[in-house]
Amino acid sequence: MPYKYITLGRWEFREGYFEFFHDHISCKLIIAIAIGIEQQLFKAATVNGTLTLSASTFAAGSMLTMGSNSAIVEAGGFITGTIQGSNVYDYSYSGTSRTGSVVTQGSGLKDVTLNMTSGNTLTVGATFSCSGNLNLIQGTLNVPVNISPTSTTVGTGAILIPGATNIISGPVSGSGTIKVTHISSGTDDLAANYPGTLTLTNLTVNFAGAGPQAINTTYSPIGFVISNTVGIVSFNANQTPGSGGTIVNLNAILSVGASNSLSGALSGSGTIIVNHISGANDLIANYIGTLTLTSLTIDFAGSGVQAINAGINCSNIIIPNTSGAVSFNANATVSGSTTVYLDATLIPGASNTISGNITGSGTIEVTHTGNATDDLPAQYTGALTLTNLTVDYTGASGQKIGARTFKNITIDAPGQTVTAGGSLTLSGSLLINTGTLSCGSYSLNIGTNFTNNSTFSAGSGLINMNGSGPQVIAGSVSMTFNNLTINNSSGITMNYGCAVNGTLTLTSGTLTTNNNCTMGSGSLISDGGGSFSG
């Protein structure tokens, strides 16, 4: 019945509608308050049946007691205040997103049911407890407190989120999603958040911590989601997800232990770390299911030799492995970049290619042979950012180096000749370990050191030592230059035998020979402002 103001027994309400079945102890109370109008309880009352709130706010203060086995249903409205006494009562929520509610108050709360539309979230307060069954039908429940329900069921479309330092004990099951927010250094964070019996067969486990996370036990959920963008999520035991597979979200990183594997479908737009080492096919040794790598970054971070033997198509490749070379014995199609970190080495097979941008500060080997002009872009077919990379020519037969600018060049080609197809500029060093480097008629500009431990054929070209810091010409095998220019105000030192058959030009700085320089018959020293010592 509508009314403006009414007092009846121990109840007093304003602006609304109520229905009751007892004068002093209510068995059923329905409050349907006009939107924006607060209904207030001014005198002590007990509800022994069901208290249903279908709109707006019911301000109970400290006046409301719930009878044993009673229930509160918030179905659009909600209650504020503190439930008095310790009688056991149930609670159901089907409203919109909200922080705090009656479920944050009272010690008698037993069964809790949450059934919101997808996208809505209920966050409980510090005094929330649940001694019965926690049933999440739909919606998201944030629980930043420790609770011990008899059981927890997470329905399809529902999401359960404990606090990072909190636990939800007791059995957990269902077909929705449970998030793992606990973070630690090697502890099993799933078990830390959920220490009870886990029936994960139809549940999705979502790692969403704000720091490094790990699991150390084998689990078999329907699927994993890695959404943690702050720390690496480490799987330190074999994992066997079901039909949901594993999804690694953007900016998230998943690491599978060196001796462990992750089965099932794998996809996403984040990063997967390959720790397995064997030199065989380490990617599929760690990730043994169906791989959809198109949008993923693959990080080869093993502590020894690693390899792939089957073609891959991915977004990016990262190689930070400094303990062993990473060999690609199949083609790699990379839509983004391949980055080789300092002291890491990438070795593609002689007949294999790597597309996408090549960058980094480590070493890339060129094993391709037989190209008429330049084997480097024949093997690395995308954009080449060589500013900080070392390019190591290791072909099993003759190779060509096209005219371009490098940081460092290394020749490691036993019994083979690497031939310059144009003038070369190095901001760093030239190292000939094995094999022969032949420059023909082209110039070679070197920014740091020139070390020869094998064979250097200068041809009729010019070697220009033009760095900005002190440079050294060294090695274990003597070499002969046609024309040599010294153009470095910081000076250049010869530490091993060298001969100049053409012109030695002293443009800038001092050439200190240590008695290691021989001028050939008919040669010439041209003093253009530099000096000669030794």
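Residues numbered from 1 in each chain as written. Predicted model: local features only at pLDDT ≥ 70, side-chain atom pairs only at ≥ 80, totals over all residues. Heavy atoms only, no water.

1. Considering the overall build of the chain
Line of reasoning, step 1. Scanning the chain for helices and strands turns up 3 helices and 55 strands.
Line of reasoning, step 2. At 37 Å, the chain has a C-alpha radius of gyration far larger than the 24 Å of a compact globule built from 534 residues.
Line of reasoning, step 3. The principal-axis extents of the C-alpha atoms in the chain amount to approximately 125 × 45 × 35 Å.
Line of reasoning, step 4. When each of the 534 residues of the chain is scored for burial, the buried share is 49%.
Line of reasoning, step 5. Look at the contacts in the chain between residues 6 or more apart in sequence, and 24% of them connect residues 24 or more apart.
Line of reasoning, step 6. Carbon together with sulfur atoms contributes 51% to the accessible area of the chain, which is approximately 20,100 Å² in total. (Helix = DSSP H or I, 4+ residues; strand = E, 2+ residues; numbered from the N terminus. Rg over C-alpha atoms; globule rule 2.2 N^0.38 Å. Buried < 20%, exposed > 50% of the residue type's maximum accessible area, 1.4 Å probe, protein only. Contact = heavy atoms within 4.5 Å. Areas by Shrake-Rupley, 256 points an atom, 1.4 Å probe, with all protein chains shown as cover.)

2. Observations regarding the pairing of strand β23 (residues 253-256)
One face of the sheet, then the other: side chains in a regular strand alternate in exactly this way.
Line of reasoning, step 1. When strand β21 (residues 233-235) meets β23, the two strands line up parallel, connected through 3 bridges. From the neighbouring strand, Ser234 faces β23, where its bridge partner is Ser255.
Line of reasoning, step 2. Bridge count for β23 against strand β25 (residues 271-274) is 4 bridges, and the pairing is parallel. Its bridge partner lying in β25, Val256 is registered against Val274. (Pairing = 2+ DSSP bridges.)

3. As for the confidence of the model for the chain
Line of reasoning, step 1. The predicted model of the chain has a mean per-residue pLDDT of 90, with 92% of residues at 70 or higher.
Line of reasoning, step 2. Below pLDDT 50 for its whole length, residues 1-36 participates in 98 contacts with residues either more than four positions away or in separate chains. (pLDDT = per-residue confidence, 0-100.)

4. Section: the sheet that holds strand β51 (residues 503-508)
Line of reasoning, step 1. Ordered in space as β38-β40-β42-β45-β48-β51-β54, the 7 strands form an open sheet in which the pairing is parallel. The sheet terminates laterally at β38 (404-406) and β54 (524-527), the two strands that pair on one side only. In this sheet, adjacent strand axes meet at a mean angle of 15 degrees when their direction is disregarded.
Line of reasoning, step 2. Pairing analysis gives 4 bridges linking strand β48 (residues 483-487) to β51, with the strands arranged parallel. Note that in β51 the partner of Asn487 across the bridge is Ser508. (Axes fitted to C-alpha atoms, helices over the stretch in contact; angles between N-to-C directions.)

5. Observations regarding the side chain of Asn352
Line of reasoning, step 1. By the secondary structure assignment, Asn352 is in the loop between β33 (345-348) and β34 (357-360).
Line of reasoning, step 2. A polar contact of 3.4 Å, which involves the side chain of Asn352, links it to the backbone nitrogen of Ala330.
Line of reasoning, step 3. Of note is the side chain of Asn352, whose polar atom sits 3.4 Å from the side chain of Asn331.
Line of reasoning, step 4. Ignoring sequence-local partners within four residues, the contact set of Asn352 consists of Phe328, Asn329, Ala330, Asn331 and Gln379. (Polar contact = N/O pair within 3.5 Å; in protein donor to acceptor, adjacent residues only side chain to side chain.)

6. Re the side chain of Ser454
Line of reasoning, step 1. Examined against the element boundaries, Ser454 turns out to sit in the loop between β43 (450-452) and β44 (455-457).
Line of reasoning, step 2. For Ser454, the side chain forms a polar contact with the main-chain oxygen of Gly435, separated by 2.6 Å.
Line of reasoning, step 3. Residues in contact with Ser454, not counting those within four places in the same chain, are Ile432, Asn433, Thr434, Gly435 and Val477.

7. Notes on the sheet that holds strand β47 (residues 479-481)
Line of reasoning, step 1. An order of β47-β50-β53 is seen for the 3 strands of this open sheet, with the pairing classed as parallel. The outermost strands of the open sheet, each flanked by one partner alone, are β47 and β53 (517-519). Averaged over all neighbouring strand pairs, the angle between strand axes comes to 25 degrees, with direction disregarded.

8. As for the packing of aromatic side chains
Line of reasoning, step 1. Scanning the model with the defined rule gives 8 aromatic pairs in all.
Line of reasoning, step 2. Geometrically, the ring pair formed by Tyr91 and Tyr93 is stacked, given 6.4 Å between the ring centres and 20 degrees between the ring planes.
Line of reasoning, step 3. Ring geometry for Phe207 against Phe224: centres 6.2 Å apart, planes inclined by 35 degrees, an arrangement best described as tilted. Taken together, the residues span a long stretch of sequence, with Phe207 in strand β18 (residues 204-207) and Phe224 in strand β20 (residues 223-226) at a distance of 17 residues. In terms of burial, Phe207 and Phe224 fall into one category: buried.
Line of reasoning, step 4. Among the aromatic residues, those joined into a ring-pair cluster are Phe207, Phe224 and Phe235. (Phe/Tyr/Trp six-rings, centres within 6.5 Å; stacked < 30°, edge-to-face > 60°.)

9. A word on the environment of Asp527
Line of reasoning, step 1. Looking at the element boundaries, Asp527 is found in strand β54.
Line of reasoning, step 2. Residue classification places Asp527 among the exposed positions, given a relative accessible area of 58%.
Line of reasoning, step 3. In the structure, Asp527 is positioned 20 residues away from Thr507 in sequence and 6.6 Å away in space, judged by C-alpha atoms.

10. Let's talk about the environment of Gly402
Line of reasoning, step 1. If you trace the backbone, Gly402 turns up in the loop between β37 (399-401) and β38.
Line of reasoning, step 2. Relative accessible area serves as the criterion here: at 5%, Gly402 is assigned to the buried category.
Line of reasoning, step 3. Sequence spacing of Gly402 and Leu376 is 26 residues, and the spatial spacing of their C-alpha atoms is 8.0 Å.

11. A closer look at unusual backbone geometry
Line of reasoning, step 1. Notably, Asn251 is not glycine yet its phi reads approximately 70 degrees, a positive angle.
Line of reasoning, step 2. Considering the arrangement of structural elements, one finds Asn251 in the loop between β22 (245-248) and β23.
Line of reasoning, step 3. Given a relative accessible area of 55%, Asn251 falls into the exposed group.
Line of reasoning, step 4. A positive phi angle is found at Asn515, which is not glycine, with a value near 60 degrees.
Line of reasoning, step 5. Within the secondary structure, Asn515 sits in the loop between β52 (510-512) and β53.
Line of reasoning, step 6. Classification of Asn515 as exposed rests on a relative accessible area of 67%.

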